[in-house]
Structure formats: structure tokens, C-alpha cells
Amino acid sequence: MTVSVFDLFSIGIGPSSSHTVGPMRAAAVFAEELVHQDVLGRVAELRVDLYGSLAATGRGHGTFPAVLLGLEGYHPDTVLPDEVENSRERIVESGTLQLAAQVPGADPRHLRYGVDDMVLHPLTVLPRHTNAVRFAVRDAEGAVLHEATFYSVGGGFIVRDGEEAAAAAELDESKRHQPFPFRTAAELLAHCESTGRPISEVMLANEVADRPEEEVRSGLLEIWSVMEDCKDSAIAREGTLPGGLKVSRRAPAWHRRLRTEDPDRDPGFWQEWVNLVALAVNEENASGGRVVTAPTNGAAGIIPAVLFYATHYSPAARAAAAEGPEALEAARRDLVVRFLLTAGAVGVLYKEQASISGAEVGCQGEVGSASSMAAAGLAEIMGGTPAQVENAAEIAMEHNLGLTCDPIGGLVQVPCIERNAIAAAKAINATKMALWGDGTHRVSLDEVIVTMRETGRDMSDKYKETALGGLAVNVVEC
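Report follows, based on the coordinates. (Residues numbered from 1 in each chain as written. Predicted model: local features only at pLDDT ≥ 70, side-chain atom pairs only at ≥ 80, totals over all residues. Heavy atoms only, no water.)

In terms of nonpolar packing, the biggest core is built from 101 residues, with Phe-9, Met-227, Ile-302, Ile-303, Val-306, Phe-339 and Leu-340 touching the most fellow members. At 12 residues, the largest contribution of residues to this core is made by helix α14 (residues 325–353). Judged by nonpolar contacts, the second largest core, of 39 residues, contains Ala-26, Val-43, Val-137 and Ala-148. (Core = buried A, V, L, I, M, F, W, Y, C linked by side-chain atoms within 4.5 Å. Buried < 20%, exposed > 50% of the residue type's maximum accessible area, 1.4 Å probe, protein only. Helix = DSSP H or I, 4+ residues; strand = E, 2+ residues; numbered from the N terminus.)

Attention now moves to empty space enclosed by the protein. Taken as a whole and judged by the stated rule, the model has 4 cavities of 30 Å³ or more. Estimates place the volume of the largest cavity at around 150 Å³. Considering the residues around the largest cavity, the lining is formed by 18 residues, among which Gly-298, Glu-366, Cys-405, Val-412 and Cys-416 are closest to the centre. Going through the elements one at a time, α2 (17–36) and α18 (416–435) are the ones with two or more residues in the lining of the largest cavity. Sorting elements by how many residues they give to the lining of the largest cavity places α18 first, with 3 residues. Looking at the lining of the largest cavity residue by residue, the classes come out as 7 nonpolar, 7 polar and 4 charged. (1 Å grid on protein atoms, 1.4 Å probe; cavity = no way out; pocket = protein on both sides within 12 Å on 5 of 7 lines; lining within 4 Å. Points joined across faces, edges and corners; volume = space filled by probe spheres on them. Nonpolar A, V, L, I, M, F, W, Y, C, P; charged D, E, K, R; others polar.)

Glancing now at the pattern of salt bridges. Taken as a whole and judged by the stated rule, the model has 16 salt bridges. As a salt-bridge pair, Glu-215 and Arg-211 come within 3.8 Å of each other at their nearest N and O atoms. Between Lys-231 and Glu-228 there is a salt bridge whose closest N-O contact spans 3.1 Å. With Lys-231 and Glu-228 both in helix α9 (residues 213–235), this residue pair falls 3 residues apart, about one helical turn. Bridged by salt links that share partners, the residues Glu-33, Arg-160 and Glu-163 form one connected network. (Salt bridge = Lys/Arg side-chain N within 4 Å of Asp/Glu carboxyl O.)

So, about the packing of aromatic side chains. Taken as a whole and assessed by the stated rule, the structure comprises 5 aromatic pairs. Between Trp-270 and Tyr-309 the ring centres are 5.2 Å apart and the planes differ by 75 degrees, which places this aromatic pair in the edge-to-face class. One end of the pair, Trp-270, is in helix α11 (residues 270–286); the other, Tyr-309, is in helix α12 (residues 302–313), with 39 residues separating them in the sequence. Geometrically, the ring pair formed by Trp-273 and Phe-308 is stacked, given 6.0 Å between the ring centres and 20 degrees between the ring planes. Residue Trp-273 is found in helix α11, and its partner Phe-308 is found in helix α12; the two are separated by 35 residues along the sequence. Put simply, the rings of Phe-30, Phe-135 and Phe-150 touch in pairs and so form one group of aromatic residues. Taking the ring centre of Trp-273 as reference, the NZ or CZ of Arg-265 above it sits at 4.0 Å. For the cation-ring pair, Lys-351 lies above Phe-157, with the distance from its terminal atom to the ring centre recorded as 4.0 Å. (Phe/Tyr/Trp six-rings, centres within 6.5 Å; stacked < 30°, edge-to-face > 60°. Lys NZ or Arg CZ within 6 Å of the ring centre and 35° of its normal.)

Along the chain, the position of Glu-33 falls in helix α2. Judged by relative accessible area, which is 15%, Glu-33 ranks as buried.

The next thing to look at is the sheet that holds strand β5 (residues 119–121). An order of β5-β2-β6-β7-β8 is seen for the 5 strands of this open sheet, with the pairing classed as mixed. This sheet does not close on itself; its edge strands, each paired only once, are β5 and β8 (157–160). Strand-to-strand twist in this sheet, taken as the mean axis angle between neighbours without regard to direction, amounts to 20 degrees. Here 4 bridges tie strand β7 (residues 144–154) to β8, and the two strands are oriented antiparallel to one another. From the neighbouring strand, Tyr-151 faces β8, where its bridge partner is Val-159. (Pairing = 2+ DSSP bridges. Axes fitted to C-alpha atoms, helices over the stretch in contact; angles between N-to-C directions.)

Let's shift gears to the state of the cysteines. With the rule as written, the count across this model stands at 0 disulfides. Free cysteine Cys-363: the closest other cysteine sulfur is in Cys-405, separated by 5.3 Å. Look at Cys-363 and you get buried, because its relative accessible area is 8%. (Disulfide = S-S within 2.5 Å.)

Turning to α9, a few remarks are in order. With 23 residues, α9 should reach 33 Å at 1.5 Å per residue; the first-to-last C-alpha distance of 34 Å fits that figure. By the burial criterion, the buried members of α9 are Val-216, Gly-219, Leu-220, Leu-221, Ile-223, Trp-224, Val-226, Met-227, Cys-230, Lys-231, Ala-234 and Ile-235. (Expected span 1.5 Å × (residues − 1).)

This part is about the pairing of strand β1 (residues 10–13). Consecutive residues of a regular strand have side chains that alternate between opposite faces of the sheet. The side-chain alternation of β1 yields two buried faces, one formed by Ser-10 and Gly-12 and the other by Ile-11 and Ile-13. Sheet analysis places β1 next to strand β9 (residues 290–293), joined by 4 bridges and oriented antiparallel. Residue pairing for β9: Gly-12 is matched across the bridge by Val-291.

Here the amide bond leading from Gly-14 into Pro-15 is cis, since omega sits at 10 degrees, within 30 degrees of zero. Residue position: Pro-15 is located in the loop between β1 and α2. In this structure, the amide linkage connecting Ala-294 to the following residue, Pro-295, adopts the cis form with an omega of -5 degrees. Relative to the helices and strands, Pro-295 resides in the loop between β9 and α12. Not every positive phi belongs to a glycine, and Ala-467 is a case in point at roughly 60 degrees. Position of Ala-467 among the secondary structure elements: in the loop between α19 (445–458) and α20 (471–474).

In this model, helix α5 (residues 81–94) (14 residues) spans 20 Å end to end at C-alpha, consistent with the 20 Å of a helix rising 1.5 Å per residue. Regarding α5, the residues found buried are Val-84, Ser-87 and Ile-91. Angular distribution of buried residues about the axis of α5 spans 80 degrees; they occupy a single face of the element. With respect to the buried face of α5, the exposed residues turned more than 90 degrees away are Asp-82, Asn-86, Val-92 and Glu-93. Buried-residue contacts for α5 involve β1, α4 (63–71) and β3 (96–99). Following α5 by one or two positions, Gly-95 has its phi on the positive side, about 70 degrees. (Arc of directions from axis to C-beta. Contact = heavy atoms within 4.5 Å.)

Keep in mind these numbers describe shape, not what the thing actually does.
Here you go:
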């Protein structure tokens, strides 16, 4: 299927879209297949193999319990953080997995299985992607009942081994029913030029080909609501983040200070508020909270932070605020929809031409793509032409090229949380630079995306979410 804005902005749990959301989704699909193929009742043995980055940093990224919950039938977009914690404690205490228990109509199989039973292959990378998980179940005689291998390719997306060509063909076919199909920025800009539409309207027309317009708008506003709830939840949570790094939560104290020093939202404090939102969202993600992949969990704070700037400090928001609360609320809803559609259109370019997986191309594919998407969204709602929007997206990514993914202890905390705040500020600056130009520039967004992809291919595996290089080995964890 075509990549939708709702694929790029999906609701899940932290701390990682590729290491938590994707593996849980793959495990849930496997559990459902056991039910649909009517083999669940004969399962006597389960084997789970994790390869590459999933094995190397899975413990810090929450991969192992996510897989177990997926095998019980939980899905990342519907499971709640409390359910995750309660189920994890039950599995640990009982040593028993309730295979397919959450799959409708299933009679679950109770197996003696836990995290320590998983087979890890941190130095083995399967051909398709470094994030791979293989499931197999056998009956009492040892015969294989069902097996499958999945790749978690970033942003919560999964691909089944052997179906890559079919998926690519399906993607090409599905584009045929779109009024404005595009894979490159050049094609996207051509649609804008020929129709006189901004990027958000081109993307909206493609989304409406699959669902009613009102459903698209309400869905995007729900995404925004989850982003806001995520920020608010973090602001209310004191203490330290889980894991061995003992990273202090900064969002509550920062919020109290800002409410004291900037009670009337002076525009001079915009960057402090943007920093706060980015930090808050990523602290919530790091603690396994409910977040929006935007387009990944590791980069989940950038778009909410820049969207906060758009809805509070952009000229349109400030003009609406002068008219009163009702006008401001209406204006913000419109700004959010246009922002996310534009950001989503740019996200499609990264997803289809390169990668948004830190394990595949480094953090440039996560934080870099999110910063680029955010810059595009902000540029449009600040009155930029399609050419200026494309320029803003290009500037943001150009200055994230080569960014490594080297989380300390395999935890999505250091440098990930602060990196989101820095990238949000980059996105805003990229927008302002683009809007001071006329849209013409020497380097195109397509050229930067290709460069990002090639840089990722050339990057040492030490710097691609393996915890084998960079800060991950040069900073003592305790």
C-alpha cells in the first residue's frame, strides 16, 4: 500500500519504533496467524531468534518484553502502558507466556517461556535489514507448525522475509489510484505547480483517495491530541528515567520555571518552550509511555515541539489569538492539519527513497528526517511557497547528514532526548532561512535524501544503533 500520513504518524509505546513497536507488531501478526491457520492448539514449543541491532540493543530498547506481549496478541497502537507493565510483571513472575491470549476467538496456549529463552544473534545481520526477528513453533513431536521472519525497518513498519518484491509491486500499484502520485520531491513540486495547490492539499487529495476527508482531518487532530497528552504526562512525572543511566526527568522543573518566568508567553521565550516540549515527549518515550511515531519513536519529540511553535508563535496563530479563544482554537486545528499533511508528504520521500531506521542509516534517518519534515510543515503554515517548503526541508536534512546513532546503554535517553530539542531548533531555523529566500537553491531535497541514504550505507555499523561505538562505548554507564 502507499505510505499514508497515518503510517508515518502512528500511535504506539516507547521507547523505540523499530525496536519496540515493530517487533511487537510482528509478534502479534505471528500470533494471529497461529489462530487463523488453526495450529495454536498443537503448539508445544516456541523459538524466537533476534538478529543484529534488535539483539545488540534490544534490552535497553524494550525489545524483549515487547516481543512477548506481541506473542500474547497485544498491538502497539492499542496497548496501554499499564497493560504493558502488568503483563510484563505477570510473565516474569509466572515464567509463563499466554500465546495468542489477546487474539479474538483464540484458546491461548500457556508455555513456559520468558526473555531468557530468546536466542540472540547480535553480530549476525540478515540480508534485508539489521533488525530481524524469526519466530517458529513446533508440536510435541518436534515438527514445525509455522515459522516466519520479519524485518523491523523503522517507524514501526515491518516487512515479512520473502515478500519484499511483492510489497514493492503493491506500493507501485496502489499509487495508480492516487490523483497525485509522487516518490520524489521533484514530482511533488510538479503537482503543486500544475494545480496551484500547496503541498498540504496535494497530500490531502491522496489521503482522501483512501478515506473520507473528515476522517483524515479528525485522525490528524487525534494524532495532535496524543502528542499533547504525551507532553502533559511527562510534565507531571518527577524522578529519574528507567534504566541504569539514572537520567533525571527535566520536564517538570523546566515547566514550573517557564510558568514563573514567562506567564504571558513572551515570544522571546519561544526556544525554551520548544526545548521543553521536545524533552518532555522524549522523556515520556524513554519511560515506555504512549507516544506518536513521528516518524520514529527516537525522534518523536521534534515534530510536536515545532508544531507547538507553529500553534503558539507563528503569525497565523498570533493573529488568531488577538481575535479571541474561539478563533485561536479554530486556527490551531487548521494549522495542525496542514502542518502534519505537509510533514507527512516529506516523510513519504524519506520512507520511499531512503530510510527512517537508525539501525540502517544512523540517526540522520530518524532525527534528520523528523527535522526535515518539521521544517516543511512549519514553512507551509508560515506562508511559504512549495519551493520554499522544499528548501526548508532540504536545509534541515543537509545539516543532519552523517548523524550517528550511538545511545548509551542501548537506552533511548542519551544523547537522544537532547538531540530532539536541538533538531527542533534546527527545523525552525531552516524554515526561517528558507522563507528569506525565494525558493531557488543549489542543492535539491532529492539530492540530499539520496546523499543521506548513501551516507548511511557507508557508515560503520558501530554507529548504527548497535551500542558498539561513539558515546555508547566512551561514556561509562554507571
